[in-house]
Amino acid sequence: MNARKASESRTVMTDIVLPPDTNTHGTIFGGRVMAYVDRIASIAAMRHCRRPVVTASSDSLDFLAPIRVGDAICIEAFVTWTHKTSMEVFVKIEAEDLLTGKRRLTSTSYLTFVALDENGKPTLVPEVIPETEEEKWHYAKAKERYEMRKKRRAELLNRTL
Ligand SMILES: CCCCCCCCCCCCCCCC(=O)SCCNC(=O)CCNC(=O)[C@H](O)C(C)(C)COP(=O)(O)OP(=O)(O)OC[C@H]1O[C@@H](n2cnc3c(N)ncnc32)[C@H](O)[C@@H]1OP(=O)(O)O
């Protein structure tokens, strides 16, 4: 299976935050951000493997700063690393003040997607070729993160309480 460049999966979305997207503080709902993250990350994963995918997990999602009504929400995702059937996707979320152009980082996260075959079973995915400094930085520690998730999953599955 031919390896694919990280840039081939890069997916970018910009939307404006309108009143129905916001809570009583006039800032975007956390759940709305999470839904965007899953959507954009799943597109990146499918662009990498060209297969249907399911979300297997998401790492922590910290809301570092609010995104206010009238701001643009800018989301970027790409596949950083793959193992056999799973793909790690990095997602970065920024708020843009559309009047000044100033951008603020509001969240980042890693999600893991698994590619499925015709029978809905996990299937092999291509490796990733990181090219830029950013892509290489995420790639470098991805195996460690994979092992941590594997441990976390085993602990959850073995839990008795
Ligand atoms: C007309 C229709 C057209 C349709 C056109 C197609 C469109 C279709 C796509 C649409 C795009 C939207 C995308 C939405 C995405 C959802 O909304 S999906 C809904 C939420 N997710 C789920 O319901 C997933 C539920 N979980 C599962 O189904 C299974 O646990 C999984 C994830 C498939 C894994 O299957 P398994 O049999 O347990 O397999 P296992 O061999 O243990 O693990 C396989 C791989 O998964 C990894 N893995 C498993 N669990 C985890 C975990 N918790 N964390 C990290 N990695 C994990 C393993 O490490 C392993 O990785 P590799 O070492 O192979 O690389």
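Per an unreviewed UniProt entry, the protein goes by the name Putative acyl-CoA thioester hydrolase YkhA and belongs to Calditerricola satsumensis. According to its UniProt record, the protein has this under Sequence similarities (unreviewed entry): "Belongs to the acyl coenzyme A hydrolase family."

## Some words on the sheet that holds strand β2 (residues 11-16)
An order of β2-β4-β5-β6-β3 is seen for the five strands of this open sheet, with the pairing classed as antiparallel. The sheet terminates laterally at β2 and β3 (53-58), the two strands that pair on one side only. Averaged over all pairs of adjacent strands, the angle between their axes in this sheet comes to 30°, without regard to strand direction. Across 11 bridges, strand β5 (residues 86-96) lies against strand β6 (residues 103-115) in antiparallel orientation. From the neighbouring strand, E94 faces β6, where its bridge partner is L105. Sitting on the sheet, helix α1 (residues 30-49) is in contact with β2, β3, β4 (72-82), β5 and β6, with an inclination near 40° to β4. Running over the sheet, helix α3 (residues 142-158) touches β3, β4, β5 and β6 and is turned about 105° from β5.

## Things to note about the packing of aromatic side chains
Scanning all chains against the criterion turns up three aromatic pairs. An angle of 55° between the planes, with centres 5.5 Å apart, marks the rings of F90 and Y110 as tilted. With a gap of 20 residues between them, F90 in strand β5 and Y110 in strand β6 connect regions that are remote in the sequence. Like Y110, F90 is buried. One aromatic cluster is present, built from ring pairs that chain together F78, F90 and Y110. Seen from the ring of Y110, R145 lies directly overhead, with NZ or CZ sitting 3.9 Å from the centre.

## Observations concerning unusual backbone geometry
For R50, which is not a glycine, the phi torsion comes out positive at approximately 55°. Tracing the chain through its elements places R50 in the loop between α1 and β3. Take R50: its relative accessible area is 61%, and that puts it in the exposed class.

## Some remarks on the side chain of H138
Locating H138 in the fold gives a position in helix α2 (residues 133-140). Look past the residues within four positions of H138 in its chain and what remains in contact with it is F78, T80, E88, F90, Y110 and R145.

## Here we look at the nonpolar core
Soluble globular proteins tend to pack their nonpolar side chains together in the buried interior. Ranked by size, the top nonpolar core spans 32 residues in total, and within it I73, I75, M87, V89, V91, I93 and F113 carry the most contacts. Sorting the residues of this core by element identifies α1, β4, β5 and β6 as the ones contributing at least two each. Ranked by residue count, the leading element in this core is α1, at eight residues. Beyond its immediate chain neighbours, meaning those up to four positions away, F113 contacts D38, A41, S42, A45, V53, V54, T55, A56, T85, S86, M87 and V89.

Cut-offs applied
- Residues numbered from 1 in each chain as written.
- Predicted model: local features only at pLDDT ≥ 70, side-chain atom pairs only at ≥ 80, totals over all residues.
- Heavy atoms only, no water.
- UniProt positions renumbered as here; feature names shortened; annotations may be inferred.
- Pairing = 2+ DSSP bridges.
- Helix = DSSP H or I, 4+ residues; strand = E, 2+ residues; numbered from the N terminus.
- Axes fitted to C-alpha atoms, helices over the stretch in contact; angles between N-to-C directions.
- Contact = heavy atoms within 4.5 Å.
- Phe/Tyr/Trp six-rings, centres within 6.5 Å; stacked < 30°, edge-to-face > 60°.
- Buried < 20%, exposed > 50% of the residue type's maximum accessible area, 1.4 Å probe, protein only.
- Lys NZ or Arg CZ within 6 Å of the ring centre and 35° of its normal.
- Core = buried A, V, L, I, M, F, W, Y, C linked by side-chain atoms within 4.5 Å.

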